[in-house]
Structure formats: C-alpha cells, structure tokens
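Structural features, examined
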Number of protein chains: 2
Amino acid sequence: MNTSYCLRGSIVHTPLFGIMECIPDSYIVVINGRTAGLFSSLPLEYTDLPLYDYTGKIITPAFCDMHLHAPQYPMLGLGMDLQLLEWLNTYTFVTEQKFKDSEFARKVYSALAKKLVECGTTRVCMFSSIHYDATMILMEELENAGISGYVGKVNMDRNSPDYLLETTQESIEQTRRWIEESKKRFTHISPIITPRFTPSCTDELMEALGKFSQEYDLPIQSHLSENTDECAWVRELCPDCPQYWESYEKRGLFNSRTIMAHCVYSNFAEREAMRKHGVWVAHCPDSNSNLSSGIAPVRKMLREGLSVALGSDIAGGAEISMLKVVGQAIRVSKLRYLKSDKAEDFLTVAEALYLATSAGQEFFGEKAGFAVGNEFHALVFDDSALPPTDIINLQERMERLIYLADSSAIVDRFACKKL
Amino acid sequence: MNTSYCLRGSIVHTPLFGIMECIPDSYIVVINGRTAGLFSSLPLEYTDLPLYDYTGKIITPAFCDMHLHAPQYPMLGLGMDLQLLEWLNTYTFVTEQKFKDSEFARKVYSALAKKLVECGTTRVCMFSSIHYDATMILMEELENAGISGYVGKVNMDRNSPDYLLETTQESIEQTRRWIEESKKRFTHISPIITPRFTPSCTDELMEALGKFSQEYDLPIQSHLSENTDECAWVRELCPDCPQYWESYEKRGLFNSRTIMAHCVYSNFAEREAMRKHGVWVAHCPDSNSNLSSGIAPVRKMLREGLSVALGSDIAGGAEISMLKVVGQAIRVSKLRYLKSDKAEDFLTVAEALYLATSAGQEFFGEKAGFAVGNEFHALVFDDSALPPTDIINLQERMERLIYLADSSAIVDRFACKKL
C-alpha cells in the first residue's frame, strides 16, 4: 500500500482555535502517511508521486470523535424521552449485556466501524462494554476499517445490574489481560483506562485502574458531572470527596491524559481543578440535549484555558456524524449565549470545527490542522449536490457543508492510507 | 392517474396530540385520493383495487412544513453566525433580490420542489419574495411536483433595501394581480396574504392586505416576536401598539386563518390574544437556535390552548427535512424544560410528530392523522438500513426513524396520488 502521494484541491483546516484557514486550489504532500507540506503549486521533487486530483472539491482533516459508546450502537435513537439514570437502566445496560455474545458483537462492531468511516470519523476515543472478547473484537474491527485511537474495556463492580457486574477481582484481572493482549495485537488502536463512572466502581477498583494507567502508561476516560441526579448520587457515595472530580483524582485518574465526558455541571472549582491537572473535556452537545442534561459551559471552559474536544456520545447522542455534532455544538452554544444574557460567546463555525478535528488530534499527541508531521487523516468533500447558489467563497462552502452535508458528500477518506 | 388504491404495511400516525398510534401490518384504503379507512384485514369490497404492498415497512402521514422561505434556498446553511437583523441585511435580502430574474427563480424553485418531495414534505405554508413572476414560477413548480398548500408573494414597502422595496401602490396592485391570476391557474397551491413583518410594511399596505384577505377569503402568514431587537424595533415603529401582535390585529390580519412564525418572545398577554383570536404558531426550533433567537414556549402555548405547528424556516433553519426539525423541536424543548426548572414539560416524540403532521393538516382544514376523508398524504419508510438491533417494537422503530433517518429511508410518497 503506497502511503506517499499528493492531493490537489481546496484546503480548509483549523490550525488555531477560531481560525479556519481556507486555501483555494492547492496541494498537500503526504510522505509515509504523514503530512509533508501544503503548497500553492507542486514542488518539483514531488511530481513523481501519485496525484489525487480533487480540483473543485474540498479537503479537510477527518473527524475525531472523542466520546462514544460502541455497544450502544444498536440502541441509537431509542429511549430519548428518558433521562440519564432511567435511560441507563431501561435501555443501556440491557443493550450492553448482549455483548457477552461474540457473534452479536462482531455483527454490530463491523457495522459500526463501517459507519464511522462512512461519516468521516477516522479517530476515536471509545467505550466498549465490560466484556473482554467483545472489546477485542471491537478493536479488531476498528483497526481493520482503518480507524485509529483509543478503546476502553469498561469497568463496573458496583451499582450495576447483576448481568453487567464484575467482581472487583475479575474486573482487575480482565483489565490486565486486555491491556497486555491488545497492546500486542493492534497497531493503530490502543487501550485506554475506562472506569464507567464513579457510581459504577469501588474505590479498590479505581485504585487498581489508577495503577494500571501508570504501569502501562495509558490514558484515561470517564464521565463527569453530566446530570444533577448523578452529581447528587456521587456526593452520597463519596462523602470524602466534596467535589465529583476528586473521586477520580484521589486514585490517580485525573491528569493531562484524562478525558472526561460532559462536565455540564462542572462549577468554577471543578473547572479550575481540570485546568490545573490538564484534564480534557469531551463535550457532547447532542447527548446533553437528548437526555435533558443541559448545556456545558464550553466557551467559559475555553476562555479559562481548558482543553475541549467534541464527542458524539452515541447513543446518548443520536448523531454519529461529527458534521452533525459540530452543528449541534454551535446551536446549543447559542442558546447558552442567550441564557447568559450574551455574556458567554457562542461557538463560531471555525471554533466548532476546531473542536471536532484539531482538538482531538492534540489529545492524540498531534498538532492542529494539517500540520507538517501529523498523520494524514483527511476527507474530501464534493459540495456540488448542495442547493444551487452563486454567492459563495471557500469559507462559506465549508460552513454550508457543516450545516447541510451528510456522509454522501464525502467522496474520499484518508487515514494514513487511502481508505 | 389512478387515485384509488390500497396500501399494506405498518401504520404510525398521531390522531391526537401526544398519541402515536402504532398499528402493525394493516391496510389503508384510499378512494379518489382520500383516506377511506384503516383495516386490520382488507375488506372484500376493496380487493379489486391496486395494492401497494409495503409489508415490513412503515407508513406515516407526510410532513407539513408550516413556515419556510423559498427564495432563501440558495443560502441554506450560510451566515448562521449572525443574528436576525444583521443576517437579513447581509445575506437574505441580497439573495431574495436575485428572484427578479425568472431564469434563476426557475432553476432554484424546481430544485427546491424536488428536494421537498425527496424529504417527504408534501404540504407547505411558504413565503416567496416580492416578485410576481418568481412567485408564479414557485407555485407552478410546487404544483407540478405534487405539493399542496399556500404560497405568499411577500409585501415590503418600507425599511428594506432599495433593490427589494415596492411602493405601496405597486405592492397592492401586484398583490391583487397575483391573487387573481394564481387562483385561476393552480389547483393545489393557493395564495396566502404575506406581509413580511411589521417593520417591512406601512400601515396603508397592511390595511390593504387585511382587506384582500377578507375580499378573497385568504389565510395570512407573517412573523411575530422572533427576536428581542425586532420586538424593540416594532415598539418604536408602532407607538400606538403596546404589543407587537396589535400591529397585525388592527389591520384585520390576526384571526383563526393566520399563522405567525416564531413567537419566541410572546408573553402571556400576547399568547392570550393569539388564543382568543385563534391565531396559529409556526414553531421553528432550528432557526430559533441558529439565529440565536431563543426557545419558544411551545409546551406552555399548547397547555394554554394555542394551535402550534412546525416549520423548517429555511434558511434561518438549515434543516429542510421535517424529520430533522422534529428532532430539533424535541431537543430545544428539553433545554427549555431544564431552564424552567422542569416546570414546562418537554415535547415527546409523539407530540413533536403531531406538530409536524397532524397540526399542519388541521391548518389546511383536515383532521389529524390518517382520518377518514383526509387527502391522502403519506410516506413509506424502510428502516432496514438503520443500525442492527433486536429490541424494537413499532413505536421504537418510529422513534429511531425520527432521530436517524434521512430522506434515503423514504421509499415512496403519496400526495393524493403516488408521486
């Protein structure tokens, strides 16, 4: 498979938060799967490389989905009239337990991997279920589909239905086995430590997970301050932790390689703790609306210096396409802007696009946009089927794609190699 | 064209607000384009009619889009980072003036009509622009595509850019000509009186429009209380009207055949006036988020006894598919539910579906759902390409369609005849 080539087309990317750089009719050179440069005309030294000619089309970085639950794919769009804890009990846990069946897991996860690629998501930070086998199948299906990123076997040893409950010992043993095995077997998909959330994990398990994170040098993902009932429950469960975040911090699960989903109810003290520890926020606007959770103070977080990226949070979110999640992030930010009497700005198109591409790249250790040296993850959009218009520059074309395009507008995908 | 036939399939409709009736594997009989009955097995007398067999698929009423601007279709998804008055001046008026060119109008309106049918919208309550010719072209394209409903030539004789400003006399004359001509020429598309909004129309013009509505027995559409700046402007322009709605009422434009878009800032007194006069609300959740307008108090309106239906409001709304508008109506209602400290309920799937189908049918003088005697406007959905699942009844299948389907899931459309 040749991983060195050139692309010609109009380039749109977000090298800085708030800056959408639009470069009409240019070239990107990719050497060994990594961006080697952007050029207005093709340098002589690269003219022998294969050229993908996308003249008239738009080339953008591919999407990073920084929070989603793979085993909830079969219940996408279901139970949306419920709220978090009721929804977990009625739909989510019932669905997740089906993944003890490897055949079911294979069927769902191959469909999911295909769907993600179709939607232009080439990097993920993803929850699996508690099941070892299903988690390995998920990692394999993602890797085979060309997707990179992190997948976590979920840990749950308390406050969960019997059919989805591990003993502390089991959970620890299976987690070690999964880490060691998956580190050996996969190249582009790596393990991430994944306590479901504080209510699902005993202190003993949390402590073991914190140690695994250190021992194997692994990132961490979990949930934080999504819903008021959940926050109250954590206060009850952890009388020694005045704030929710401390239940993670005290076990070594709260650092610059941690990404916490939601943070809708993170007050200033919690946000300050996140900033100091370098903890990331996975903002999931669609899920937070669907489950009547609220609107996370994203603009405030960004101004305070927190790192934020976007997640679909399927199946709390019903939109698996990050194009749609970008649209929802903008919409809810405008409602929050109004609610704050216009004190908190809303997210612009350029800012939200950054959160869906560059921010995720940075969590994976890369630079923003099509920076030289980055793994080349890109999408090619054809916007010719959008409504007839004649008032439009490249920036407006990108805005239109965000609001109007579905995956059928994505005509090619790259993730180190051409997919 | 045969307009009598039977359909077999699973039927989902909303005969009452809040009730989604789900009837697995049944029959609908259509005689001369009107619903003659729903049957669990096909009565003998109808067995000679042509049968469309949609076994395994879902048959629902087609969508009514009760507020949209046809000449804004070329700017769909553009300028969304602006607010109402700025957006009107930067994008909207510039786009609308292009419709003085009939060739441009033909190109856009034929594409729009095709797109509406593709998305399953078979009835509309629609704004054109000020232009007579383009409005006739729009009506013709909709009628030819099989769409029914109301289209309004827009009136604007003040506070508008020169290139989009009529004299009062012109506006009155062109409106009379358009009403008379279009009443003659079209069967399924009729004229609706359409002052753009109070700031765009002098009292003299408003009075003439009120009289046209009476003389020709025509319904009325306009905008009301969308945005706080707009509300302040109307207070300034109409010192004799303590409330925005009175600027319409005093000219005979505020009655049970009036549908007002938005009403985000309609306070109790304004809502009470609407209720007493029987005025309808076209709720446009996507637009109200995009343009940072706010969230209309829809649940409150419904509880107070107002009539509400849904509109896409393209291009303030970026979603032309009413499936997506239903989803957005539910999402924003949940954010309003939270903002009200859970005092105002959110819209359930069943309720929002009613607003997108049955409510519009009622504005057009029909009964809710697939009532006997209604013009038969229906969609056939194939949900087999949605994610693999096995926990799903007919109600859940419909919920999933609302959240996940795009127009590719609509495999057939009926609007009196098969389209």
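Residues numbered from 1 in each chain as written. Chains lettered and ligands numbered in written order. Predicted model: local features only at pLDDT ≥ 70, side-chain atom pairs only at ≥ 80, totals over all residues. Heavy atoms only, no water.

Observations regarding the domain arrangement of chain A
Residues and elements named next belong to chain A. Taken domain by domain, chain A holds domain 1 (5-62 + 367-418) and domain 2 (63-356). On the domain 2 side, the residues contacting the 26 residues of domain 1 number 26 residues. Carbon and sulfur atoms supply 68% of the area that domain 1 and domain 2 bury against each other, a total of about 2,200 Å² over both sides. Per-residue buried area on domain 1 facing domain 2 is highest for Phe17, Ile402 and Tyr403; these three make up 32% of the total on that side. For the interface between domain 1 and domain 2, the tally reads 1 salt bridge. (Domains from an automatic or database assignment. Contact = heavy atoms within 4.5 Å. Buried area = accessible area lost by both parts, 1.4 Å probe. Salt bridge = Lys/Arg side-chain N within 4 Å of Asp/Glu carboxyl O.)

As for the side chain of B:Gln243
Following the sequence through the fold, B:Gln243 ends up in the loop between helix 6 (228-237) and helix 7 (246-249). Setting aside its immediate chain neighbours within four residues, B:Gln243 contacts B:Asn267, B:Ala269 and B:Glu270. (Helix = DSSP H or I, 4+ residues; strand = E, 2+ residues; numbered from the N terminus.)

As for the packing of aromatic side chains
Residues and elements named next belong to chain A. Within this structure, the stated rule accounts for 42 aromatic pairs over all chains. Between Tyr52 and Phe414, the ring centres sit 5.4 Å apart and the planes meet at 70°, which makes this aromatic pair edge-to-face. Of this pair, Tyr52 sits in strand 4 (residues 51-61) while Phe414 sits in strand 16 (residues 410-415), and the two are 362 residues apart along the sequence. Classification of Tyr52 by relative accessible area gives partly exposed; the value is 26%. For Phe414, a relative accessible area of 0% translates into the label buried. Relative to Tyr248, the ring of Tyr244 lies with its centre 5.9 Å away and its plane at 20°, an arrangement referred to as stacked. Each member of the pair Tyr244 and Tyr248 is classed as buried. One aromatic cluster in this structure is built from Tyr5, Tyr52, Tyr54, Phe370, Phe376 and Phe414. Across the ring face of Phe346, the terminal group of Lys334 is positioned such that the distance to the ring centre comes to 5.3 Å. (Phe/Tyr/Trp six-rings, centres within 6.5 Å; stacked < 30°, edge-to-face > 60°. Buried < 20%, exposed > 50% of the residue type's maximum accessible area, 1.4 Å probe, protein only. Lys NZ or Arg CZ within 6 Å of the ring centre and 35° of its normal.)

Considering the pattern of salt bridges
Across all of its chains, the model carries 57 salt bridges over all chains by this definition. With a shortest N-O distance of 2.5 Å, B:Arg331 and A:Asp286 are connected by a salt bridge. Here the residue B:Arg331 occupies a position in helix 11 (residues 322-339), and A:Asp286 occupies one in helix 9 (residues 285-290), the pair thus bridging two chains. With respect to burial, B:Arg331 and A:Asp286 carry one shared label: buried. Each of A:Asp203, A:Glu207, A:Lys211, A:Asp240, A:Lys250 and A:Arg251 takes part in a single network of salt bridges with overlapping partners.

A look at the layout of surface pockets
Space inside the second largest pocket adds up to approximately 340 Å³. Of the residues belonging to the lining of the second largest pocket, the class tally is 10 nonpolar, 3 polar and 5 charged. (1 Å grid on protein atoms, 1.4 Å probe; cavity = no way out; pocket = protein on both sides within 12 Å on 5 of 7 lines; lining within 4 Å. Points joined across faces, edges and corners; volume = space filled by probe spheres on them. Nonpolar A, V, L, I, M, F, W, Y, C, P; charged D, E, K, R; others polar.)

A word on the environment of A:Leu302
Residue and element names in this part refer to chain A. Tracing the backbone shows Leu302 in helix 10 (residues 298-304). As for Leu302 and Arg275, which are separated by 27 residues in sequence, their C-alpha atoms are 9.9 Å apart. Leaving out residues up to four positions away in the same chain, Leu302 has contacts with Phe17, Val308, Leu347 and Leu355.

A short note on the pairing of strand 11 (residues 220-224) of chain A
For strand 11 of chain A, a buried count of 5 out of 5 residues is recorded, marking the element as mostly surrounded by other parts of the structure. Residues A:Ile220, A:Ser222 and A:Leu224 line one face of strand 11 of chain A and the alternating positions A:Gln221 and A:His223 line the opposite face, and both faces are buried.

A closer look at the interface of chain B and chain A
With 53 residues of chain B at the contact, the number on the chain A side is 53 residues. Together chain B and chain A conceal approximately 4,400 Å² of surface at their shared face, both sides included; 55% is due to carbon and sulfur atoms. It is B:Asp81, B:Arg331 and B:Pro388 that lose the most area in chain B upon contact with chain A, and together they represent 15% of the buried surface on that side. Across the pair B:Asp81 and A:Lys334 runs a salt bridge whose closest N-O atoms are separated by 4.0 Å. Linking chain B to chain A there are 21 residue pairs in polar contact (both at pLDDT 80 or more). At the level of elements, helix 1 (84-96), helix 2 (102-119), helix 9 (285-290), helix 11 and helix 14 (394-404) of chain B are the ones that each hand at least two residues to the side of chain B that touches chain A. The biggest single contributor to the side of chain B that touches chain A is helix 11 of chain B, with 9 residues. Residue composition of the side of chain B that touches chain A, grouped by class: 27 nonpolar, 12 polar and 14 charged. (Polar contact = N/O pair within 3.5 Å; in protein donor to acceptor, adjacent residues only side chain to side chain.)

Re the sheet that holds strand 13 (residues 280-283) of chain A
Hydrogen bonds between backbone atoms are what pair the strands of a sheet, whose relative direction is either parallel or antiparallel. Residue and element names in this part refer to chain A. One open sheet accounts for 4 strands, arranged 11-12-13-14; its pairing is parallel. The open sheet terminates on both sides in strands that have one partner only, identified here as strand 11 and strand 14 (307-310). Neighbouring strand axes in the sheet, compared pairwise and without regard to direction, differ in orientation by 30° on average. In this sheet, strand 13 lies alongside strand 12 (residues 258-262) in parallel orientation, the contact comprising 3 bridges. Counted as the bridge partner of Met260 is Val281 from strand 13. (Pairing = 2+ DSSP bridges. Axes fitted to C-alpha atoms, helices over the stretch in contact; angles between N-to-C directions.)

A closer look at the relation of the copies chain B and chain A
Turning one copy of the chain about an axis and sliding it along that axis gives the other copy, so a rotation and a shift relate them. Note on the copies: chain B fits chain A at an RMSD of 0.0 Å, the axial shift is 0.0 Å, and the rotation between them is 180°. Here the two chains are linked by the operation of a two-fold rotation axis. Of all interface residues in chain B, 100% are interface residues in chain A too; the two copies therefore contact each other through one and the same surface. (Least-squares fit on C-alpha atoms with pLDDT ≥ 70 in both.)

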